[in-house]
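These are the residues of each chain, in order.
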Amino acid sequence: MSDAELVLRSTRVITPEATRAASVVVTDGTITAVLPHDAPVPEGARLEDLGDDVLLPGLVDTHVHVNDPGRTEWEGFWTATRAAAAGGITTLVDMPLNSLPPTTTVDHLRTKRRAAAGKAHVDVGFWGGALPDNVKDLRPLHEAGVFGFKAFLSPSGVDEFPHLDQERLARSLAEIAAFDGLLIVHAEDPHHLAAAPQHGGPRYADFLASRPRDAEDTAVAHLVEQAKRLGARVHVLHLSSSDALPVIAAAKADGVRVTVETCPHYLTLTAEEVPDGASEFKCCPPIREAANQDLLWQALADGTIDCVVTDHSPSTADLKTDDFSTAWGGISGLQLSLSAVWTEARRRGHGLEDVVRWMSERTARLAGLDARKGAIAPGRDADFAVLAPDETFTVDPAALQHRNRVTAYAGKTLHGVVRSTWLRGRRVVADGEFTEPKGLLLTRSH
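Everything quoted here is computed from the prediction, not taken from an experiment. Residue positions are given per chain, counting from 1 as you read along its sequence in written order. Side-chain atom pairs in this predicted model are given and counted only at pLDDT of 80 or more, local residue features only at pLDDT of at least 70, and totals for whole chains, interfaces and linings cover all residues. Only heavy atoms go into the side-chain values, all of them from the structure, while hydrogens and water stay out.

Participant: I'm lost on the overall build of the protein in this one. Help?
Facilitator: Looking only at helices and strands, one finds 12 helices and 18 strands in the protein. Over its C-alpha atoms the protein spans a radius of gyration of 21 Å, differing by no more than 12% from the 22 Å that the globule rule assigns to 446 residues. When contacts within the protein are restricted to residue pairs at least 6 apart in sequence, long-range pairs at least 24 apart make up 74% of them. With residues, only the protein chains shown are counted as cover, and all accessible areas are computed by Shrake-Rupley using a 1.4 Å probe. Carbon and sulfur atoms make up 49% of the accessible area of the protein, which totals about 15,900 Å². Of the charged side chains in the protein, 45 are positive and 61 negative, and the gap between their average positions amounts to 4 Å. Secondary structure elements are defined from DSSP: runs of H or I of at least 4 residues count as helices, runs of E of at least 2 residues count as strands, and each element is numbered from the N terminus. C-alpha atoms define the radius of gyration in this analysis, and the globule rule sets the expected value at 2.2 Å times the number of residues to the power 0.38. Two residues form a contact once any of their heavy atoms are found within 4.5 Å. By the counting scheme adopted, Arg and Lys are positive, Glu and Asp are negative, and His together with the chain ends is not counted. Working definition for charges: the position is that of NZ of Lys, CZ of Arg, CG of Asp or CD of Glu.

Participant: Would you explain the sheet that holds strand β13 (residues 258–262) in this entry?
Facilitator: Pairing between the strands of a sheet comes from backbone hydrogen bonds, and it takes one of two forms, parallel or antiparallel. Pairing between two strands requires that DSSP report at least two bridges joining them. In space, the 6 strands of this open sheet follow the order β9-β10-β11-β12-β13-β14, with parallel pairing throughout. Here the strands that pair on one side only, and so sit at the sheet edges, are β9 (128–129) and β14 (307–308). In this structure, strand β12 (residues 233–236) lies alongside β13, joined through 3 bridges in parallel fashion. When the bridges of β13 are listed, Val236 appears paired with Val260.

Participant: Just checking my understanding: could you explain the nonpolar core for this structure?
Facilitator: Side-chain atoms within 4.5 Å link the members of a nonpolar core, which is a set of buried Ala, Val, Leu, Ile, Met, Phe, Trp, Tyr and Cys residues. Think of it in three bands: residues with accessible area under 20% of the maximum for their type are buried, residues over 50% are exposed, and the middle band is partly exposed, with areas taken using a 1.4 Å probe on protein chains only. Core analysis: the largest hydrophobic core is formed by 98 residues, its most contacted members being Leu56, Phe149, Leu183, Leu239 and Val355. No other element matches the 6 residues that helix α1 (residues 77–86) contributes to this core. Setting aside its immediate chain neighbours within four residues, Leu239 contacts Glu216, Val220, Ala244, Leu245, Ile248, Val260, Glu261, Thr262, Tyr266, Leu296 and Ile305. Val24, Val34, Ile376 and Phe384 belong to the second largest nonpolar core, which has 15 residues in total.

Participant: I'm lost on the pairing of strand β8 (residues 123–126) in this one. Help?
Facilitator: Across a regular strand the side chains alternate sides, sitting on one face of the sheet and then on the other. Residues of β8 alternate between two faces, with Asp123 and Gly125 on one and Val124 and Phe126 on the opposite face, all of them buried. Across 4 bridges, strand β7 (residues 89–94) lies against β8 in parallel orientation. Following the sheet pairing, Val93 is matched in β8 by Gly125.

Participant: What should I look at first to understand the packing of helix α3 (residues 135–143) against helix α4 (residues 166–178) in this one?
Facilitator: Working note: a packed helix pair is described by the angle between its axes plus the distance between those axes. To obtain each axis, a line is fitted to C-alpha atoms, and for helices this fit is confined to the stretch in contact; angles are then taken between N-to-C directions over 0 to 180 degrees. Running from amino to carboxyl end, α3 crosses α4 at an angle of 30 degrees, the nearest separation of the two axes being 9 Å. By the angle class used here, α3 and α4 are roughly parallel. Two packed elements cross with a definite hand, and for α3 against α4 that hand is right-handed. Of the residues in α4, those touching α3 at Val135, Leu138 and Arg139 are Arg171, Ser172, Glu175, Ile176 and Ala178. In this classification, the charged set is Asp, Glu, Lys and Arg, the nonpolar set is Ala, Val, Leu, Ile, Met, Phe, Trp, Tyr, Cys and Pro, and all remaining amino acids, among them Gly, are polar. When the residues that make up the contact of α3 with α4 are grouped by side-chain class, the tally is 4 nonpolar, 1 polar and 3 charged. For this classification, under 35 degrees means roughly parallel, over 145 means roughly antiparallel, 65 to 115 means roughly perpendicular, and everything else is oblique. Each crossing gets its hand from how the near helix is turned against the far one by less than a right angle, where anticlockwise is left-handed and clockwise is right-handed.

Participant: Looking at this structure, I do not really get the pattern of salt bridges. What am I missing?
Facilitator: Think of it this way: side chains of opposite charge can pair up when their charged atoms draw near. Counted as salt bridges are all cases of a side-chain nitrogen of Lys or Arg within 4 Å of a carboxyl oxygen of Asp or Glu. Enumeration according to the criterion identifies 30 salt bridges in this entry. Linking Arg213 and Glu289 is a salt bridge whose minimum nitrogen-to-oxygen distance equals 3.1 Å. You can see Arg213 sitting in helix α7 (residues 213–230) and its partner Glu289 sitting in the loop between α9 (264–268) and α10 (290–302), a full 76 residues away along the chain. Salt bridges sharing common partners tie together Asp123, Arg372, Lys373, Asp381, Asp383 and Arg424.

Participant: In this structure, what is going on with the sheet that holds strand β6 (residues 59–64)? I would like to understand it.
Facilitator: Spatially, 3 strands are ordered β6-β7-β8 in an open sheet, and the strand pairing comes out parallel. The open sheet has two edge strands, β6 and β8, and neither has a second partner. Strand after strand, the sheet turns through a mean of 20 degrees between neighbouring axes, direction not considered. Summarising the sheet, β6 and β7 pair through 4 bridges and their orientation is parallel. In the sheet register, Leu59 faces β7, and the bridge partner there is Ile89.

This is the structure in structure tokens:
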């Protein structure tokens, strides 16, 4: 360890084995040792003593809509990655929409990477998109390094990213299975959505009725059937309906290669608390009732749900009208996700080790980044968040880093203050002060 550059010391370091007092040694941006707390500092290394603040692996958020290029007034790589860094997220994977063009060809991927170059405060990877007419583009995108492919089973909300019917889903999934790729799916059934009452207007109860649970349940069941038939890898995005959990649990027990995520807003916000006209709470699928939320937490605890990601999906403030039927559906959560989930997790008796498993370890594994990300262990990137877990703060939209400071968490008091965030051994943000962007643009083989 004569080349060691940095030692981060804390009485609470979350490692894969346990939370313990430790000194973490960093060399050339990589963790090279996890030593006892009182181990001598290697010659030439700088010591950062964090006291009793918790050192945890940087979070990996695999569901982020950066919208850049094309809709950069909604968000952008500079602002999105600053918000991520401020929230302890050190790696994000960008969704193939709502940018223009969407990431559905290799040329479009190159356009996206050019837009991100030099603007990333954290590491950034990219999902590709599976559309009705781009089956021929899937393998080239895979070879170009996307982490997998996103598809919608119902209208996406933007014309340039049409959804797959069951026949086209089967065609795309067969192609992706042929090279053992991953299909990540927005699972709502269009027929159930079309049959649901569509009243419009400001009442949240009417919006909730327009996106019924059976739309999710049916789509998930169909997806599981296709994955089982083809031996394919699939991932259910932003699960909100607890009614789909028995089908998912049975599929996992049967060996189907399915993983599932949910989001902070489904775990911390409830339909009962959403005011009429407050479309900052609108997302699809929707925030459901408290009893449903309890079952999502149970599924996280027993492993039926694998991980928690933000589905950060911002827009300009003018698109968040008081009519739930026409307002843009998306919740911005990058900067607040760790604190929001920790606040509710601790109330329900979970530890920070659980949060790390859901938001770092398993998300890194989902994206195939677990050789480098997701744990404080030798050989991993020296990506860290430093958290004061017992301190609280009240969410002030003006303090957020994402471009349009609309948030469903405004005024909420949350536990867990992110003191600093580190990327490959460099502090990228501390106490609200940012360094110049040093994030890498990742590929699946990285």
